[in-house]
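# A look at the structure
As a plain string of letters, each chain reads:
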Amino acid sequence: MATHQQLRRTTVHRVSANAPHRVRVCVRLRPAVGTGEGQDAPCVRGVDSHSLEILNWRNEMKTMKYQFDAFYGESATQHDIYMGSVQPILSHLLEGQNASVLAYGPTGAGKTHTMLGNPHQPGMIPRALRDVLKMTRDASVDGRKYSVSMSYLEIYQEKVLDLLQPSLQDLPIREDRNHHILVPGLTQREITSFADFESHFLPASCNRTVASTQLNERSSRSHAVLLVWVSRTEGWPPSARRAAKLCLIDLAGSEDNRRTGNKGLRLKESGAINTSLFVLSKVVDALNQGLPRIPYRDSKLTRLLQDSLGGSAHSVIIANIAPEKKYYFDTLTSLNFAAKSKQVMNKPFTQETLPEIEASKRPYEGSSNAGPEAKRLRIEEEQPKVVVEKPLSSVLPLKDLDPSVVERLLRIEALEKETTGAGSRGALLVNTPRKERIAILKQLDETMRELKSLKEKHQELQAMTQQKKALAPRLPARPRKQATVLPLQKVEEADKSQKAEAEEEESIALITQKNNRKRKALGFDSENEAPPEWEMKVRPDLLACGKKNILDLLNKGSEKDLMSLHYIGKKKAQLIVGWREIYGSFEKVEDLGKVYGISLKQVASFVKANILEHCGKISNQI
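Because the structure is a prediction, the values reported are computed rather than measured.

## Some thoughts on the pairing of strand β18 (residues 241–250)
Judged by how many residues are buried, β18 sits mostly within the fold: eight of ten residues are covered. As paired strands, strand β9 (residues 98–104) and β18 are joined by five bridges and run parallel to one another. Its bridge partner lying in β18, Leu102 is registered against Ile249. Of the pairings in the sheet, the one linking β18 to strand β21 (residues 349–353) comprises two bridges and is antiparallel in character. Each residue of the ladder has a partner; that of Arg241, found in β21, is Thr353.

Below is the structure:
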């Protein structure tokens, strides 16, 4: 039964920009800190508003010169940087094109201050959000409607974590069929004013992971990414929808662990940060060299920034550097990264999504030149013709089919006649074109032949097995042995069971015989019997007390106390102490598996190795 339905479709097309856009790179030099002598002496100075020079480490009498799209010296304000480099790309959001702002640099160079700022000098993020909301309000005229929403996440040790709704769940990064990078499960909040933005953003910023090092009291231990979506909907048909994304990224700074003094958890965080920044540099090199494979998937950070580098966004990189000599090599590395990043080319485009349109209402190509008769013939050709065919029961060989199948077929045809009604044209069950019907019948005929051949082979195999059974000699059945138990043995077994129960109440562990199914299936004789296997089980009450003692030691013990436990060395003891400092006490012993570097299998072995010792301590106290 086939009915004519109107065809619908969703049209998605891209409107390319006039030409590829190069990634814009600007450098900000933070004010000097210290006495200005020795290692605190400056090694960088600005030449003009676009270039700077740095000492040559091979020969301090010479300098190396770098040129960028903009250079902001020590006296530059947040307003200067925003108006000069960030605000010009925001207008592309209203056209449906993506934009990205990325702060890069070593630790302590002022990246977070550039992006967030303070109440007196707001950073790039609050200034950009204020202008985006203002632009969408001003542009919402003549039936156009704009909506703005935001998400906030951090990449901590190669885990994507939601900051608006904090949890320990590692969110995946996916790519849809239109090659858009998205994060399923990420919280998204709609904002209509700057007060709405602050109510979501300020509490979420407190959830970002920070810690103190020898170089920075509040060092960012993760990469923070603020995603802002701007969508535009037309009020008149065909109601096209344009969507754009603004990425505001505050990267964690690269660290030299010899100077930061990182140990334990801080050292692992630093390793994850440096690895992701190294992959970011590899991506830029691959884009500049035109390699066929770009290693976006080697890191969560580069996977998330796939649109910003070599993608479809108008991108700006703000490289933050420090002027002191002690940061010379960090500054030189940042300048080299900025110099090669300005060669990356992006291809922005506008993506429009049209709503579902009825196929019958879409215009035909060349309809303006065709007459009314041609249009009528074309419409008749495109309309599906209802072909009246015979019932399926009159076409198929019912005699050769299974009776249950025939009964079901007749019931379906009777139900079809009832649903069509007396006044209708009597649409029948088979309503397929002639060629397709012939192909179906041929396939059915081939299937029936295969079934017939399989039945013949099955009958031949059954006959062969019956012949083998008839020729095979019958072996006499082996008599079973009957075990007899004397009354004296029953009495001794009862006494033994009572004594065992009394010992179980006083003992710590119970030793029982395993129920070995494989041993029973083999059927050993009494003369050639396999030795029994035994297993040990700890009493449930003492098991709970032992776990409680271990949990108290994990929550209150020092590194030396933790090293007294089995399977806990100095490295794992430091990890456990670092975990307690950040996330608090453990709720149960199994939570030890949440510590980075300790698997659930290791936790199970740890419990087995330590539980008997702590159970023994409890029994001695009793």
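The rest of the description comes next.
## Some thoughts on helix α6 (residues 265–289)
Over its 25 residues, α6 extends 37 Å from the first C-alpha to the last, a length consistent with the 36 Å expected when each residue adds 1.5 Å. Count one or two residues on from α6 and you reach Gly290, which has phi positive near 70°.

## A few points about the packing of aromatic side chains
Here the structure, examined in full by the defined rule, presents seven aromatic pairs. Measuring from ring centre to ring centre gives 5.2 Å for Tyr328 and Phe329, while their planes differ by 85°; the resulting arrangement is edge-to-face. Ring-pair connections join several aromatic residues into one group, and the members of that group are Tyr152, Phe194, Phe197 and Phe201. When the ring centre of Phe194 is taken as reference, the NZ or CZ atom of Arg130 above it lies at 4.0 Å. Here the basic side chain of Lys342 rests over the ring of Phe68, its NZ or CZ set 5.4 Å away from the ring centre.

## Remarks on unusual backbone geometry
Phi angles above zero are rare outside glycine, and Gln157 is one such case at about 50°. With respect to the element layout, Gln157 can be found in the loop between β10 (145–156) and β11 (159–162). Relative accessible area serves as the criterion here: at 16%, Gln157 is assigned to the buried category. At Glu158, a residue that is not glycine, the phi angle is positive and equals roughly 60°. The topology assignment puts Glu158 in the loop between β10 and β11. Judged by its relative accessible area of 31%, Glu158 falls in the partly exposed class.

## Topic: the sheet that holds strand β5 (residues 44–46)
A sheet is described by the order of its strands in space; here three strands give the open sequence β5-β6-β7, paired in antiparallel fashion. Each of the sheet's edge strands pairs with one partner strand only, and the pair in question is β5 and β7 (63–67). Strand-to-strand twist of the sheet, defined as the mean angle between neighbouring strand axes without regard to direction, takes the value 25°. Inspection of the sheet shows strand β6 (residues 51–55) paired to β7 by five bridges, in the antiparallel sense. The residue of β7 that forms the bridge with Glu53 is Lys65.

## Focus: the pattern of salt bridges
Going through the model one piece at a time under the given rule, you end up with 16 salt bridges. With a shortest N-O distance of 3.4 Å, Arg303 and Glu175 are connected by a salt bridge. Residue Arg303 is found in helix α7 (residues 300–304), and its partner Glu175 is found in strand β12 (residues 174–175); the two are separated by 128 residues along the sequence. Classification of Arg303 as buried rests on a relative accessible area of 8%. Arg208 is paired through a salt bridge with Asp250; the nearest N and O atoms lie 2.8 Å apart. In this pair, Arg208 sits in the loop between α4 (194–206) and β15 (210–211) while Asp250 sits in strand β18, placing the two residues 42 residues apart along the sequence. For the residue pair Arg208 and Asp250, the accessibility class agrees, reading buried in each case. Taken together, the shared-partner salt bridges connect Arg221, Glu255, Arg266 and Glu269 into one network.

## Concerning a nonpolar patch on the surface
A cluster of nonpolar side chains, contributed by Leu168, Ile582 and Tyr583, occupies part of the molecular surface with about 280 Å² of accessible area. As for its position among the elements, Leu168 is in the loop between β11 and β12. Overall, Leu168 belongs to the exposed group, its relative accessible area being 54%.

## Concerning α4
Over its 13 residues, α4 runs 18 Å from end to end, which matches the ideal 18 Å to within 8%, given 1.5 Å per residue. Taken together, the buried positions of α4 are Phe194, Phe197, Phe201 and Ala204. Here the buried residues of α4 occupy an arc of 110° about the axis, which is enough to place them on one side. Exposed and oriented more than 90 degrees from the buried face of α4 are Ala195 and Cys206. Check the buried side of α4 and you find it contacts α3 (124–139), β10, β14 (189–191) and β17 (223–233).

Cut-offs applied
- Residues numbered from 1 in each chain as written.
- Predicted model: local features only at pLDDT ≥ 70, side-chain atom pairs only at ≥ 80, totals over all residues.
- Heavy atoms only, no water.
- Buried < 20%, exposed > 50% of the residue type's maximum accessible area, 1.4 Å probe, protein only.
- Helix = DSSP H or I, 4+ residues; strand = E, 2+ residues; numbered from the N terminus.
- Pairing = 2+ DSSP bridges.
- Expected span 1.5 Å × (residues − 1).
- Phe/Tyr/Trp six-rings, centres within 6.5 Å; stacked < 30°, edge-to-face > 60°.
- Lys NZ or Arg CZ within 6 Å of the ring centre and 35° of its normal.
- Axes fitted to C-alpha atoms, helices over the stretch in contact; angles between N-to-C directions.
- Salt bridge = Lys/Arg side-chain N within 4 Å of Asp/Glu carboxyl O.
- Patch = residues over 30% accessible without salt bridge, like charges linked within 9 Å, V, L, I, M, F, W, Y side chains within 5 Å.
- Areas by Shrake-Rupley, 256 points an atom, 1.4 Å probe, with all protein chains shown as cover.
- Arc of directions from axis to C-beta.
- Contact = heavy atoms within 4.5 Å.

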